[in-house]
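Examining the three-dimensional arrangement
Letter by letter, the chains look like this.
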Amino acid sequence: VHVIRLGGSDMLGTIYAIYQFSQQYLGVDPMYYWTDHQPARRASIQLPAALHERIPPPVFRYRGFFINDEDLLTGWAPGKPQNHTGISLAVWNRICETILRLKGNMIVPGTWSFPNDPQDRIVEERGLYLNQHHAEPLGVNFSRWPAKVPYNFTADPQYIENAWKNAVASYPKNYRILWEVGLRGLSDQPYSALDPSVRGNPKAQGHLISKAIRDQIRIVHARFPHAVFITDSWMEGAKLIRQGDLVIPPGVITVWADTGYGYLRDHGQAKPGEGAYIHVAMYNGRANQLSELTPVSRLFSSLGRFQKAGATSFVLVNTSDIRPVTMGASAVLDFAWKGNSIGSSNSFYRNWSREEFGPKAAPQIAAIYK
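Description of the structure in this document. Keep in mind that what you see is a predicted model, and the values were worked out from it rather than measured.

1. Regarding the overall build of the protein
Tallying secondary structure elements over the protein gives eleven helices and eight strands in all. For 370 residues, the compact-globule estimate of 2.2 N^0.38 gives 21 Å, and the C-alpha radius of gyration of the protein, at 21 Å, lies within 12% of that figure. In terms of principal-axis extent, the alpha carbons of the protein reach across some 70 × 40 × 35 Å. When each of the 370 residues of the protein is scored for burial, the buried share is 54%. Contacts spanning at least 24 positions in sequence make up 69% of the contacts within the protein whose residues lie at least 6 apart. As presented, the protein carries roughly 17200 Å² of accessible surface, and 53% of it is formed by carbon and sulfur atoms. Taken as two groups, the 38 positive and 30 negative side-chain charges of the protein have centres that lie 4 Å from each other.

Printed below as a string of structure tokens:
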């Protein structure tokens, strides 16, 4: 009896082995759902007589997608959304499958979702970590803050603290969660826009955010004693950290965000144990959300610098709606696993073009991407 054994060091490793085999020997494009590449039916396949492959461990520990500004996915596929994002649960399942096929292990499932939305259960069933983003610490949907309820952590902290506690209590205890901590305003504003007591005073603002993070950690630990914490330094957060006005407590993974265009904003300050948040699509009224935004050379350069600094605990890629940016999304998660051993951006363009468009068209298309 001839047996092909696929295995990993844990559950996710075994899933990766299955999908790697399907890609390498069955010709299944990891992005097939988004590129319309249905694998060819085969009566048989040929394998080496002695097949023994071991895949090295990933360079970055946590790796995944942020489904953000998802207007193209909203109502795109048949099926009742059954959640607040407007994306059908069948599509959420495909998104999670795609992340696993690219050897990712986490997801931020939407821009303005609520704690324990239905798609969160799919994330759990697929074995992924559930992550939150910079404007939704602890999973609170701050775009839906009641108009008559004060939002001021200086004068009326009890309202915000209660929202944090309620959000944490909403998540089942068996979920694997990377908890976002921090303090921003409503609907992704800077917090200082709503609190005059810290406006124009970066030291006071940094001190208040540090207090919020400590309080959030305490709230989460009461229910999830082994929690993992992340803080994303989006926009003003990066400047506060660089200046030393915002000190992140020990045990929290500091994640440096980019400008929205692939340039990470740590200014060379990234340290071992930290991570990166990077965009391959951007929706802001003047950027490109509808086709590839960020050159692969820039993605590799930025993330390569973080690898060299040892800042490899986390990498999150903002994919917006995925379908327009399949190449960039694949490039980030490929690099997250392989690191600098992935090779040059030019070789990536050549390989991508050959796999997606065939060997005849590949040289011209690679040149266009470059």
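2. Observations concerning the sheet that holds strand 5 (residues 228-233)
Here eight strands make up a closed barrel; going around it, the order is 1-2-3-4-5-6-7-8 and the pairing parallel. Averaged over all neighbouring strand pairs, the angle between strand axes comes to 25°, with direction disregarded. By the bridge criterion, two bridges tie strand 2 (residues 106-108) to strand 3 (residues 129-131) in an arrangement that is parallel. Pairing of Ile-107 across the sheet is with Leu-130, part of strand 3.

3. A short note on helix 4 (residues 118-125)
Taken residue by residue, helix 4 has Pro-118, Gln-119, Asp-120, Ile-122 and Val-123 as its buried positions. Its buried side turned inward, helix 4 meets helix 3 (89-101), strand 2 and strand 3.

4. Notes on the packing of aromatic side chains
Under the criterion given, the structure shown has 19 aromatic pairs. Measuring from centroid to centroid gives 5.9 Å for Tyr-33 and Trp-76, while their planes differ by 75°, and the two rings are edge-to-face. Here Trp-76 lies in the loop between strand 1 (62-66) and helix 3 and Tyr-33 lies in helix 2 (residues 32-35), a separation of 43 residues in the sequence. An angle of 35° between the planes, with centres 5.4 Å apart, marks the rings of Phe-300 and Phe-335 as tilted. With a gap of 35 residues between them, Phe-300 in helix 8 (residues 296-309) and Phe-335 in helix 9 (residues 326-338) connect regions that are remote in the sequence. Per residue, the accessibility class of Phe-300 equals that of Phe-335, and both read buried. Grouping aromatic residues by their ring pairs yields a cluster made of Phe-142, Trp-145, Tyr-151 and Tyr-191. Just above the ring of Tyr-129 sits the side chain of Arg-176; from NZ or CZ to the centre is 4.3 Å.

5. Details of the packing of helix 9 against helix 10 (residues 345-357)
The geometry of helix 9 relative to helix 10 is characterised by a closest axis approach of 12 Å and an angle of 125° between their N-to-C directions. The pairing of helix 9 with helix 10 is recorded here as oblique in orientation. Read as a crossing pair, helix 9 and helix 10 show a hand that is right-handed. Of the residues in helix 10, those touching helix 9 at Thr-326, Met-327, Ser-330, Ala-331 and Asp-334 are Phe-348, Tyr-349 and Trp-352.

6. Looking at the packing of helix 8 against helix 10
Running from N to C, helix 8 and helix 10 point in directions that differ by 130°, and their axes come no closer than 9 Å. When the axes of helix 8 and helix 10 are compared, the pair comes out oblique. Considering how the two elements wind past one another, helix 8 and helix 10 form a crossing that is right-handed. Across the interface between the two elements, Val-296, Ser-297 and Phe-300 from helix 8 touch Ser-345, Phe-348 and Tyr-349 from helix 10. Looking at the contact of helix 8 with helix 10 residue by residue, the class counts come to four nonpolar, two polar and no charged.

7. Remarks on the pattern of salt bridges
Close approach of charged atoms allows side chains with opposite charge to pair. Using the criterion set out here, one finds eleven salt bridges in the structure. A salt bridge links Asp-188 to Arg-184; its shortest N-O distance comes to 2.2 Å. A relative accessible area of 30% places Asp-188 in the partly exposed class. Of the charged contacts, one joins Arg-184 and Glu-236 as a salt bridge, the two residues approaching to 2.8 Å between their closest N and O atoms. Of this pair, Arg-184 sits in the loop between strand 4 (177-180) and helix 6 (202-223) while Glu-236 sits in helix 7 (residues 236-243), placing them 52 residues apart in sequence.

8. Side note on the nonpolar core
The biggest cluster of nonpolar side chains holds 88 residues, and the ones touching the most others in it are Phe-65, Ile-67, Ile-95, Ile-107, Trp-164, Trp-179 and Leu-183. Sorting elements by how many residues they give to this core places helix 9 first, with eight residues. Not counting the four nearest positions on each side in its chain, Leu-183 is found in contact with Tyr-151, Phe-153, Trp-164, Tyr-191, Leu-208, Ile-209 and Ala-212. Core analysis: the next-biggest nonpolar cluster, separate from the first, contains 16 residues, Tyr-62, Trp-234, Ile-253 and Val-255 among them.

9. Some remarks on the side chain of Gln-216
Checked against the element boundaries, Gln-216 lands in helix 6. Sequence-distant contacts of Gln-216, that is, excluding residues within four places in its chain, are made with Pro-137, Leu-138, Trp-164, Val-181 and Gly-182.

10. A word on helix 9
Between its first and last C-alpha, helix 9 extends 18 Å over 13 residues, near the 18 Å set by a 1.5 Å rise per residue. Of the positions making up helix 9, those classed as buried are Thr-326, Met-327, Gly-328, Ala-329, Ser-330, Ala-331, Val-332, Leu-333, Phe-335, Ala-336 and Trp-337. Positioned one or two residues after helix 9, Gly-339 has a phi angle of 65°, which is positive.

11. A few points about the environment of Leu-100
Looking at the element boundaries, Leu-100 is found in helix 3. For Leu-100, a relative accessible area of 1% gives the class buried. For Leu-100 and Pro-196, which are 96 residues apart along the polypeptide, the C-alpha to C-alpha distance reads 45 Å. The residues touching Leu-100, leaving out its near neighbours within four places in the chain, are Leu-12, Ile-15, Tyr-16, Tyr-19, Arg-126 and Leu-128.

12. Some points on a nonpolar patch on the surface
A contiguous nonpolar surface patch, about 500 Å² in accessible area, is contributed by Ile-4, Leu-6, Ile-18, Leu-26, Ile-45, Leu-47 and Leu-51. Counting through the fold element by element, Ile-18 comes out in helix 1 (residues 11-24).

Criteria and thresholds
Residues numbered from 1 in each chain as written. Predicted model: local features only at pLDDT ≥ 70, side-chain atom pairs only at ≥ 80, totals over all residues. Heavy atoms only, no water. Helix = DSSP H or I, 4+ residues; strand = E, 2+ residues; numbered from the N terminus. Rg over C-alpha atoms; globule rule 2.2 N^0.38 Å. Buried < 20%, exposed > 50% of the residue type's maximum accessible area, 1.4 Å probe, protein only. Contact = heavy atoms within 4.5 Å. Areas by Shrake-Rupley, 256 points an atom, 1.4 Å probe, with all protein chains shown as cover. Lys, Arg positive; Asp, Glu negative; His and termini not counted. Charge placed at Lys NZ, Arg CZ, Asp CG, Glu CD. Pairing = 2+ DSSP bridges. Axes fitted to C-alpha atoms, helices over the stretch in contact; angles between N-to-C directions. Phe/Tyr/Trp six-rings, centres within 6.5 Å; stacked < 30°, edge-to-face > 60°. Lys NZ or Arg CZ within 6 Å of the ring centre and 35° of its normal. Parallel < 35°, antiparallel > 145°, perpendicular 65-115°, else oblique. Left-handed = near helix turned anticlockwise from the far one by under 90°. Nonpolar A, V, L, I, M, F, W, Y, C, P; charged D, E, K, R; others polar. Salt bridge = Lys/Arg side-chain N within 4 Å of Asp/Glu carboxyl O. Core = buried A, V, L, I, M, F, W, Y, C linked by side-chain atoms within 4.5 Å. Expected span 1.5 Å × (residues − 1). Patch = residues over 30% accessible without salt bridge, like charges linked within 9 Å, V, L, I, M, F, W, Y side chains within 5 Å.

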